[in-house]
Amino acid sequence: MTRLDYRYDECGLDNVMLMGLEVCQDDEGEDVITIHNINALHGAIAEGIALKQTGITGKELRFIRTELGLTQAELAAVVSKDVQTVGRWERGEFPIDSTAETVIRVMTLQHVEGKMPAVQEMAAWSVASSGEPPILIDATDQNDWKALPQAA
């Protein structure tokens, strides 16, 4: 059995890495990657985004909103903003309001039932970053996807 680190662009994000994903070979000897339990994987990605210690990007916000099953209007109502503001955040036209981002992080962590850091700690993470740190997902057991801690 071979394992590799796989960039999971299929989720719509370009910074998600599945670490230690099992690779099989087909009859012609070509590498084949099969991903099982997509719902749990996407929950782990949402958790990884919510726990990252830099600001959430527009693409990541769209991913989380979709994972939470919310429309832009529904998310806007939760964070007391108008729907156009949420759309601008998702398109990366404006940074996400730090208070709204903290609320979104809390909602996401409640949704995936992960550990809940202190709100004060999460509020400090809502700062734009010069780069997009990777969201690392443990892919060694596809029945138990886990977000890996981010390097400080």
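Our subject is the structure that appears above.
Presented here is a report on the structure given in the accompanying data block. Small disclaimer: the values here were computed from a predicted structure and weren't measured.

Quick notes on the overall build of the protein
Logical step 1: What the protein contains, in helices and strands, is six helices and five strands.
Logical step 2: Each helix and strand of the protein, placed in order from N terminus to C terminus, yields the pattern β-β-β-α-α-α-α-α-α-β-β.
Logical step 3: Put simply, the protein has 152 residues, and 40% of those count as buried.
Logical step 4: In the protein, 58% of the contacts between residues at least 6 apart in sequence involve partners at least 24 apart.
Logical step 5: Of the roughly 8,300 Å² of accessible surface on the protein, a fraction of 49% belongs to carbon and sulfur atoms.

So, the nonpolar core
Logical step 1: By size, the foremost hydrophobic cluster in this structure holds 31 residues, and its most contacted members are Y8, V16, L18, I45, I49, I137 and W145.
Logical step 2: The element that contributes the greatest number of residues to this core is helix α1 (residues 38–51), accounting for five residues.
Logical step 3: Apart from residues no more than four positions distant in its own chain, I49 is found in contact with L13, I56, E60, F63, I64, R105 and I135.

Observations regarding the packing of α1 against helix α2 (residues 58–68)
Helix-helix packing is characterised by the crossing angle of the two axes and by the distance between the axes.
Logical step 1: Two elements in contact, α1 and α2, have axes separated by 10 Å at closest approach and are oriented at 130°. By the criterion of interaxial angle, the relationship of α1 to α2 is oblique. By crossing handedness, the relation of α1 to α2 is classed as left-handed. Facing N39, H42, G43, I45, A46 and I49 of α1, the residues of α2 in contact are E60, F63, I64 and E67.
Logical step 2: Among the residues making up the contact of α1 with α2, the classes are represented as five nonpolar, three polar and two charged.

A closer look at the environment of K59
Logical step 1: Relative to the helices and strands, K59 resides in helix α2.
Logical step 2: Judged by relative accessible area, K59 falls into the partly exposed class, the value being 42%.
Logical step 3: Spatially, the C-alpha atom of K59 lies 9.1 Å from that of D14, the residues being 45 residues apart in sequence.
Logical step 4: The residues contacting K59, other than those within four sequence positions of it, are G12, L13, D14 and E90.

Comments concerning unusual backbone geometry
Logical step 1: A positive phi angle is found at N37, which is not glycine, with a value near 60°.
Logical step 2: Examined against the element boundaries, N37 turns out to sit in the loop between β3 (31–32) and α1.
Logical step 3: Residue N37 is classed as partly exposed on the basis of its relative accessible area of 34%.

Some remarks on the side chain of E60
Logical step 1: Residue position: E60 is located in helix α2.
Logical step 2: By relative accessible area, which is 0% here, E60 ends up buried.
Logical step 3: Within polar-contact distance, the side chain of E60 engages the side chain of K52 at 2.8 Å.
Logical step 4: Once you skip the residues sitting within four places of it in the chain, E60 turns out to touch L13, N15, I49, K52, G55, E132 and I135.

Thresholds applied
Residues numbered from 1 in each chain as written. Predicted model: local features only at pLDDT ≥ 70, side-chain atom pairs only at ≥ 80, totals over all residues. Heavy atoms only, no water. Helix = DSSP H or I, 4+ residues; strand = E, 2+ residues; numbered from the N terminus. Buried < 20%, exposed > 50% of the residue type's maximum accessible area, 1.4 Å probe, protein only. Contact = heavy atoms within 4.5 Å. Areas by Shrake-Rupley, 256 points an atom, 1.4 Å probe, with all protein chains shown as cover. Core = buried A, V, L, I, M, F, W, Y, C linked by side-chain atoms within 4.5 Å. Axes fitted to C-alpha atoms, helices over the stretch in contact; angles between N-to-C directions. Parallel < 35°, antiparallel > 145°, perpendicular 65-115°, else oblique. Left-handed = near helix turned anticlockwise from the far one by under 90°. Nonpolar A, V, L, I, M, F, W, Y, C, P; charged D, E, K, R; others polar. Polar contact = N/O pair within 3.5 Å; in protein donor to acceptor, adjacent residues only side chain to side chain.

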